Amino acid sequence: SQQGEEDPQALSIQEGENATMNCSYKTSINNLQWYRQNSGRGLVHLILIRSNEREKHSGRLRVTLDTSKKSSSLLITASRAADTASYFCATAPYGGSQGNLIFGKGTKLSVKP
Amino acid sequence: DVKVTQSSRYLVKRTGEKVFLECVQDMDHENMFWYRQDPGLGLRLIYFSYDVKMKEKGDIPEGYSVSREKKERFSLILESASTNQTSMYLCASSSYRVPYNEQFFGPGTRLTVL
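Bear in mind that the values here come from a model prediction, so they are computed numbers and not experimental data.

So, how was this worked out
- Residues numbered from 1 in each chain as written.
- Chains lettered and ligands numbered in written order.
- Predicted model: local features only at pLDDT ≥ 70, side-chain atom pairs only at ≥ 80, totals over all residues.
- Heavy atoms only, no water.
- Helix = DSSP H or I, 4+ residues; strand = E, 2+ residues; numbered from the N terminus.
- Polar contact = N/O pair within 3.5 Å; in protein donor to acceptor, adjacent residues only side chain to side chain.
- Contact = heavy atoms within 4.5 Å.
- Buried area = accessible area lost by both parts, 1.4 Å probe.
- Nonpolar A, V, L, I, M, F, W, Y, C, P; charged D, E, K, R; others polar.
- Core = buried A, V, L, I, M, F, W, Y, C linked by side-chain atoms within 4.5 Å.
- Buried < 20%, exposed > 50% of the residue type's maximum accessible area, 1.4 Å probe, protein only.
- Disulfide = S-S within 2.5 Å.
- Pairing = 2+ DSSP bridges.
- Axes fitted to C-alpha atoms, helices over the stretch in contact; angles between N-to-C directions.
- pLDDT = per-residue confidence, 0-100.

Trainee: Can you help me understand the side chain of Q33 of chain A in this one?
Mentor: Structurally, the position occupied by Q33 of chain A is in strand β4 (residues 29-37). Reaching out from Q33 of chain A, the side chain makes a polar contact with the side chain of N31 of chain A at a distance of 3.1 Å.

Okay, here's the thing in C-alpha cells:
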C-alpha cells in the first residue's frame, strides 16, 4: 500500500534556486526517509528523520517533519544541474513489519543550467 | 563500500518463459526486498525476507516467487512471464541491527516481456 504522497509530481527550476518537495502520509510512523533516484538507476538514501525530530540538515538538504499534520518537506538549497533526479519519501510505519518502508510515487526534479 | 548487485541491467524475455532475477548484497544484511517500479505507481513491494529461507508477501506477490538459500542472495522468480510484468525491478537490503534504518538498493533490472 502506498502511504507517502509527494507533491508536486514534477518540479522544474533554474540552477541556484531552492527546490522544495512535500510528502504526506496517513499512519503513525517511526521515521521518515528521503531517497534520490537518478534516471534508470537504483535509489540512494539521502536523510532520515525520526518521529520525535522536527528538523534535520545534511549539507544542502533540510528536512522537516510535522507529525500532527502527517507531512514532511525536503528542501534542496542552491540547486545544481546534478540534482536533477526523482526524489521519494519513505515511511517506516509504527508497528509495521520490521525493516519495511512504504514509498511514495516521487517528485521528478529538473534543474536547468 | 556497501554494495547490492543485480544480475542484469536489461533483460528481454518471451511470454511464458521462466525468469530469474538475482540479487546479491555484501553487507551481511538480514533483510532483503524486491520491488517493482512503474511510471506513476512508484515502488511496490513484491516480496521480502528477514532471514535465510524466510519470505513474506508484499503488496503485489501474484505471479512471483522468491528464494533465499543464502543470506547474501535473494532471487525473484517469474514462473511464467507475462507482458504485464514488463517493469523495472529493484532489489534492496537493510540491517535489523538498527531497526527501520535505510535500505540499500541495487542498480535495477529493466525487464521487457514480449
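Trainee: Got a minute to help me understand the interface of chain A and chain B in this structure?
Mentor: Put simply, an interface is often sized by how much accessible area is lost when its parts join up. Contact with chain A, which involves 25 residues of that partner, is made by 25 residues of chain B. Here chain A meets chain B over a buried area of about 2,000 Å², counting both sides, of which 48% is carbon and sulfur. At the junction of chain A and chain B, the tally comes to 4 residue pairs in polar contact (both at pLDDT 80 or more). Mapped onto the side of chain A that touches chain B, the elements with two or more residues apiece are β4, β5 (43-50) and β9 (85-93) of chain A. Per-element tally for the side of chain A that touches chain B: the top contributor is β4 of chain A, with 5 residues. Residue composition of the side of chain A that touches chain B, by class: 8 nonpolar, 15 polar and 2 charged.

Trainee: I tried to follow the nonpolar core on my own but got confused; where do I start?
Mentor: Generally speaking, soluble globular proteins have nonpolar side chains that are buried together. All names here are of chain B. In terms of nonpolar packing, the biggest core is built from 21 residues, with W34, I46, L76, L78 and Y89 touching the most fellow members. For this core, the secondary structure elements donating two or more residues are β3 (19-25), β4 (31-38), β5 (42-49), β7 (64-70), β8 (73-78), β9 (87-94) and β11 (109-113). In contact with I46, not counting residues within four places along its chain, are W34, Y35, R36, K57, G58, D59, I60, P61, Y64, L76 and Y89.

Trainee: What's the story with the state of the cysteines in this structure? I'm lost.
Mentor: Note on terminology: disulfide describes a covalent bond linking the sulfur atoms of two cysteines. Throughout the structure, instances matching the rule amount to 2 disulfides over all chains. Across the disulfide from C23 of chain A sits C89 of chain A; the S-S distance is 2.0 Å. Linking C23 of chain A and C89 of chain A, the disulfide has an S-S dihedral of approximately 65 degrees and is accordingly described as right-handed. You can see C23 of chain A sitting in strand β3 (residues 19-24) and its partner C89 of chain A sitting in strand β9, a full 66 residues away along the chain. Just as C23 of chain A is buried, C89 of chain A falls in that class too. Two residues, C23 of chain B and C91 of chain B, share a disulfide whose sulfurs are 1.9 Å apart. Judged by the torsion about the S-S bond (-75 degrees), the C23 of chain B/C91 of chain B disulfide is left-handed. Placement of the pair is C23 of chain B in strand β3 and C91 of chain B in strand β9, with a sequence separation of 68 residues.

Trainee: I keep staring at the sheet that holds strand β8 (residues 71-76) of chain A and nothing clicks. Help me out?
Mentor: Hydrogen bonds along the backbone pair up the strands of a sheet, which may run parallel or antiparallel. Residues and elements named next belong to chain A. Strands sit in the order β1-β3-β8-β7-β6 across an open sheet of 5 strands; the sheet is antiparallel. In the strand order of this sheet, the two ends are held by β1 (5-7) and β6 (55-58), each with one partner. With strand direction ignored, the average angle separating the axes of adjacent strands in the sheet is 20 degrees. Across 6 bridges, strand β7 (residues 61-66) lies against β8 in antiparallel orientation. Across the sheet, the residue bridging to T64 is S73, located in β8.

Trainee: When you look at the confidence of the model for chain A in this model, what are you seeing that I'm missing?
Mentor: It should be kept in mind that the predicted coordinates are not to be read in detail where pLDDT is low. The predicted model of chain A has a mean per-residue pLDDT of 91, with 96% of residues at 70 or higher. At the level of individual helices and strands, chain A shows its lowest average pLDDT in β1 of chain A, which scores 81, and its highest in β7 of chain A, which scores 98.

Trainee: Would you take a moment to explain the sheet that holds β8 of chain B for this structure?
Mentor: Residues and elements named next belong to chain B. Within the open sheet, the 4 strands sit side by side as β1-β3-β8-β7. Their pairing is antiparallel. Both outer strands of the open sheet, β1 (4-6) and β7, are each paired with one neighbouring strand and no more. When the angles between neighbouring strand axes are averaged without regard to direction, this sheet yields 20 degrees. Sheet topology note: the β3/β8 ladder contains 6 bridges and is antiparallel. By the bridge assignment, V24 is partnered in β8 with R73.

Trainee: What exactly am I supposed to notice about unusual backbone geometry here?
Mentor: Trans peptide bonds make up most of the peptide bonds, and negative phi angles are found at most residues other than glycine. Backbone torsion omega between D7 of chain A and P8 of chain A reads 0 degrees, so that peptide bond is classified as cis. Along the chain, P8 of chain A turns up in the loop between β1 and β2 (10-14). Backbone geometry places D28 of chain B, a non-glycine residue, at a positive phi of 60 degrees. As for its placement among the helices and strands, D28 of chain B is situated in the loop between β3 and β4. Take D28 of chain B: its relative accessible area is 44%, and that puts it in the partly exposed class.

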